[in-house]
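Chain residues, written in single-letter form:
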Amino acid sequence: MARFSIIILVAVAAHEILCNPVQIPLQAMDTSLKPSKLHGRFLHITDMHPDPHYTVHSSQKTACHRKKPKKKKDRAGYYGTPYSDCDSPLRLTNYTLDYLDENWASEIDFVIWTGDNARHDNDRKIPRTPTEIYELNRAVANRMDYVFLRKGIPVVPSLGNNDVWPHNILEPGPNKITNEFASIWSSFIPFPYLQVFQRGAYYSVEVIPNELAVVSLNTMYFYDSNKAISGCPYLDRDDPGNLQFDWLEVQLKMYRERGMQVWLSGHVPPSPGNYFPECYVRYVDLALRFQDTILGHLYGHMNVDHFFFLEAVDLQIISDNDPSSEDHDGLFETLLEEFSALPNSKDMILDEYAVINVAPSVVPNPYVPSFRVFAYNTSNAVGNPLGGKGSKRKHGHRRGDRGNKAEQCKSEKHRNTWKCHLEEPWYSDPGSPSRSNQRWTPLGFAQYNIPALQEGNKTHMPEFALEYATFSVKALQGANTKDAKGKRFYPIPLQQLPEALREGSAEKSKYAPYKMEDLTIGSWVKLARGLGNKERKKLRRRFREYMFAGSEVE
């Protein structure tokens, strides 16, 4: 691989360089820069966590900042330290973005980038500062601009909980943080959304004008670790979370009226264990109400590869003695229990479900550097199938006695909650792209990681490799699949696949364990049912391996 083309991150000591970057003037997204043709792919990248204090061969116990331990296994690696609590050395962040520049920038249509571009606050001897956080974010943003935006590839960043100081805390805007990021992301935020962003750090981009949009949500106003906000209470309409949901509802209505499709993106994924209860209810309500407009939901933060469902049951009032509210041993066990509780196909009402996809991180904390490339349907025809940890509340759903909601909403306990004021109609349609494979339907993704990160050194660069893909082998080989021009469509470019998958004779592969036809809600439910089946031990084992990158530690 060629030497790093641009060094995006330097030590904080180089203050004068990072404080005066070249910025594109504030402007609406220049649609003339869009790619000349649709490739039918986009990149999801999250949680880079660059650390300018990372020191090679230092102790993992010091966040890889100082001291050299006697045992080699306890020392910080040259390109990063997998399965540790250390953040990314600048060398790893540079390498990742250079790799994407050389191998993927010419193959994708847009980038969804879901936050956390500063180090964790995990070293008391070197506390984070606002200046360092902004400098790191500005440097990464400049590099994302160079690698993607200047090639005509829209980039949609989101604010992470470690992109603010103190971490997790963001007061209602406008404030210093929202104004600073309005400057840092000036080339990514369309000018019409600038004032909205300065107020709340959320916005929308038409990544394919008049057809496909990505909404970047500020999940800090939903996240229950943010003690500077009230958590979307029904009686406080000026709460920043409520204002954001009001804005999102307007956006979804507008896009629906224009016949467009939408991806929702953000940093902290919506779950009962992450969001304030009232914020979670509002998210679920909008996700299900606009199921025919929302293609999917993409998040980061957890640093763990997994998916889960939002369900209509989340909008019901469940009795306080519901046994399902008890804690579980971990996320993996919680997900399996949730999947096993899904109704059988005869009783399943897909209108009542939405799918949340959580991507693994670039930072090898606690696993290995990863990113995802999604493929989506660019044909004009309908039906083109590919291949004919919260301590206060658990992440799962409460499934106890629902009771009579009308009567329950008369009580003082419930009458002023959002669950008792959800009266708008739902727009769900079995023929919509989130339910039926057609133009804009997500077809699958390929996930890449660096499995041997610890082997990288001064003379040997680590290598990204395909970890797995959701597609079938035939789909990866382009069988019976065509693009908008009627040509054979390869969801993942052949040169980015292992050699064994490029050959047309292969029928099975360890890289294609799920064999999903597409990423519609029904396909995710089918996979979840398989994972919920105790007899599918091999499938469960593979799912767990992907969640924790082969680590035995959850």
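If you're wondering where the values come from, they're calculated on a predicted model, not measured in any experiment. (Residues numbered from 1 in each chain as written. Predicted model: local features only at pLDDT ≥ 70, side-chain atom pairs only at ≥ 80, totals over all residues. Heavy atoms only, no water.)

Asks: Would you explain the overall build of the protein chain in this entry?
Replies: When helices and strands are counted, the protein chain shows 13 helices and 14 strands. By the burial criterion, 60% of the 554 residues in the protein chain qualify as buried. Carbon and sulfur atoms make up 49% of the accessible area of the protein chain, which amounts to about 22,900 Å² in all. (Helix = DSSP H or I, 4+ residues; strand = E, 2+ residues; numbered from the N terminus. Buried < 20%, exposed > 50% of the residue type's maximum accessible area, 1.4 Å probe, protein only. Areas by Shrake-Rupley, 256 points an atom, 1.4 Å probe, with all protein chains shown as cover.)

Asks: What's the story with helix α3 (residues 130–147) in this structure? I'm lost.
Replies: Residues that lie three or four places apart on an α-helix share one face, since the helix turns once every 3.6 residues. Here α3 contains 18 residues, and its C-alpha end-to-end distance of 26 Å stays within 8% of the 26 Å for a straight helix at 1.5 Å per residue. The buried fraction of α3 amounts to 14 of the 18 residues, a majority that puts the element mostly inside the structure. (Expected span 1.5 Å × (residues − 1).)

Asks: Could you clarify how one ought to interpret the sheet that holds strand β10 (residues 306–311) in this entry?
Replies: Two pairing modes exist for strands in a sheet, parallel and antiparallel, and in both the strands are linked by backbone hydrogen bonds. If you trace the six strands from one edge of the open sheet to the other, you get β6-β7-β8-β9-β11-β10, paired in mixed fashion. Unpaired on one side and paired on the other, β6 (203–208) and β10 mark the two borders of the sheet. Strand-to-strand twist of the sheet, defined as the mean angle between neighbouring strand axes without regard to direction, takes the value 25°. Sheet analysis places β10 next to strand β11 (residues 353–358), joined by six bridges and oriented antiparallel. When the bridges of β11 are listed, Glu 311 appears paired with Tyr 353. (Pairing = 2+ DSSP bridges. Axes fitted to C-alpha atoms, helices over the stretch in contact; angles between N-to-C directions.)

Asks: What's the story with a positive patch on the surface in this structure? I'm lost.
Replies: The grouping of Lys 508, Lys 515, Arg 536, Lys 538 and Arg 541 at the surface amounts to a positive patch. Of the residues examined, Arg 541 reaches a relative accessible area of 46% and is grouped as partly exposed. (Patch = residues over 30% accessible without salt bridge, like charges linked within 9 Å, V, L, I, M, F, W, Y side chains within 5 Å. Salt bridge = Lys/Arg side-chain N within 4 Å of Asp/Glu carboxyl O. Lys, Arg positive; Asp, Glu negative; His and termini not counted. Charge placed at Lys NZ, Arg CZ, Asp CG, Glu CD.)

Asks: Is there a simple way to explain the environment of Val 268 in this structure?
Replies: The topology assignment puts Val 268 in the loop between β8 (261–265) and α7 (277–289). In this structure, the C-alpha to C-alpha distance between Val 268 and Gly 300, residues 32 residues apart in sequence, is 6.2 Å. Once residues within four sequence positions are removed from consideration, Val 268 is found in contact with Thr 219, Tyr 223, Asn 274, Tyr 275, Tyr 299 and His 301. (Contact = heavy atoms within 4.5 Å.)

Asks: Can you help me understand the nonpolar core in this one?
Replies: Soluble globular proteins: nonpolar side chains tend toward being buried together. The biggest cluster of nonpolar side chains holds 151 residues, and the ones touching the most others in it are Trp 113, Met 144 and Phe 148. By residue number, the principal contributor to this core is α7, which donates eight residues. Here Met 144 is in contact with Ile 45, Met 48, Leu 97, Val 111, Trp 113, Leu 149, Val 155 and Phe 188, once residues within four sequence places are set aside. (Core = buried A, V, L, I, M, F, W, Y, C linked by side-chain atoms within 4.5 Å.)

Asks: Looking at this structure, I do not really get the pairing of β6. What am I missing?
Replies: Across the six residues that make up β6, a large majority, five, are buried. As defined by bridge partners, β6 adjoins strand β7 (residues 212–216) across four bridges and the pair is classed as antiparallel. Residue pairing in the sheet places Tyr 203 in a bridge with Ser 216 of β7. Where β6 hands over to β7, the hairpin turn is made up of three residues, of which Asn 210 adopts a positive phi near 70°.

Asks: When you look at the state of the cysteines in this model, what are you seeing that I'm missing?
Replies: What is meant by a disulfide is a covalent connection between two cysteines, made through their sulfur atoms. The tally for this structure, following the rule as stated, stands at three disulfides. Between Cys 64 and Cys 86 runs a disulfide, and the two sulfur atoms are separated by 2.0 Å. On the sign convention where negative is left-handed, the bridge of Cys 64 and Cys 86, at about 80° about the S-S bond, is right-handed. One end of the pair, Cys 64, is in the loop between β2 (50–51) and β3 (88–89); the other, Cys 86, is in the loop between β2 and β3, with 22 residues separating them in the sequence. When its relative accessible area of 0% is taken as the criterion, Cys 64 is described as buried. Exposure remark for Cys 86: the relative accessible area of 0% places this residue in the buried category. (Disulfide = S-S within 2.5 Å.)

Asks: Before we go on, may I ask you to explain the confidence of the model for the protein chain in this structure?
Replies: Atomic detail in the predicted coordinates should be set aside for any region of low pLDDT. Confidence in the prediction of the protein chain, expressed as mean pLDDT, is 89, and 86% of residues score 70 or more. Throughout residues 1–35 the model reports pLDDT below 50, and contacts reaching past four residues in sequence, or to other chains, amount to 83 contacts. Overall, residues 383–395 carries pLDDT values under 50, and its contacts beyond four positions in sequence, including any with other chains, amount to 49 contacts. (pLDDT = per-residue confidence, 0-100.)

Asks: Sorry, what's going on with the packing of aromatic side chains here?
Replies: The geometry of an aromatic ring pair is captured by two quantities: the separation of the ring centres and the angle between the planes. Taken as a whole and assessed by the stated rule, the structure comprises 46 aromatic pairs. Geometrically, the ring pair formed by Tyr 99 and Phe 371 is tilted, given 6.2 Å between the ring centres and 50° between the ring planes. Of the two residues, Tyr 99 is situated in helix α2 (residues 90–103) and Phe 371 in strand β12 (residues 370–376); the sequence distance between them amounts to 272 residues. Using a relative accessible area of 9% as the deciding quantity, one classes Tyr 99 as buried. For Phe 371, a relative accessible area of 1% corresponds to the buried category. On the basis of an interplanar angle of 50° and a centroid distance of 5.2 Å, the ring pair of Phe 374 and Phe 445 is categorised as tilted. Neither residue differs from the other here; Phe 374 and Phe 445 are each classed as buried. (Phe/Tyr/Trp six-rings, centres within 6.5 Å; stacked < 30°, edge-to-face > 60°.)

Asks: What am I meant to see in the sheet that holds strand β4 (residues 110–113) here?
Replies: The strand order β5-β4-β1-β12-β13-β14 describes an open sheet built from six strands, whose pairing is mixed. Sheet topology places β5 (155–157) and β14 (465–469) at the edges, where each strand pairs with a single neighbour. Strand after strand, the sheet turns through a mean of 20° between neighbouring axes, direction not considered. In this structure, β4 lies alongside β5, joined through three bridges in parallel fashion. The residue of β5 that forms the bridge with Trp 113 is Pro 157.

Asks: Please explain the pattern of salt bridges as it appears in this structure.
Replies: Pairing between side chains of opposite charge can happen when their charged atoms approach one another. Scanning the model with the defined rule gives 20 salt bridges in all. Among the ionic pairs, Asp 101 bridges to Lys 151, the shortest N-O distance being 3.1 Å. Placement of the pair is Asp 101 in helix α2 and Lys 151 in the loop between α3 and β5, with a sequence separation of 50 residues. Judged by its relative accessible area of 18%, Asp 101 is buried.

Asks: Just checking my understanding: could you explain the packing of α3 against helix α4 (residues 176–184) for this structure?
Replies: Helices that pack against each other are described as a pair by the angle of their axes relative to one another and the distance between those axes. Their axes nearest at 10 Å, the elements α3 and α4 cross at an angle of 25°. Of the possible angle classes, the one that applies to α3 and α4 is roughly parallel. Read as a crossing pair, α3 and α4 show a hand that is right-handed. Facing Tyr 134, Asn 137, Arg 138 and Ala 141 of α3, the residues of α4 in contact are Lys 176, Ile 177, Glu 180, Phe 181, Ser 183 and Ile 184. (Parallel < 35°, antiparallel > 145°, perpendicular 65-115°, else oblique. Left-handed = near helix turned anticlockwise from the far one by under 90°.)

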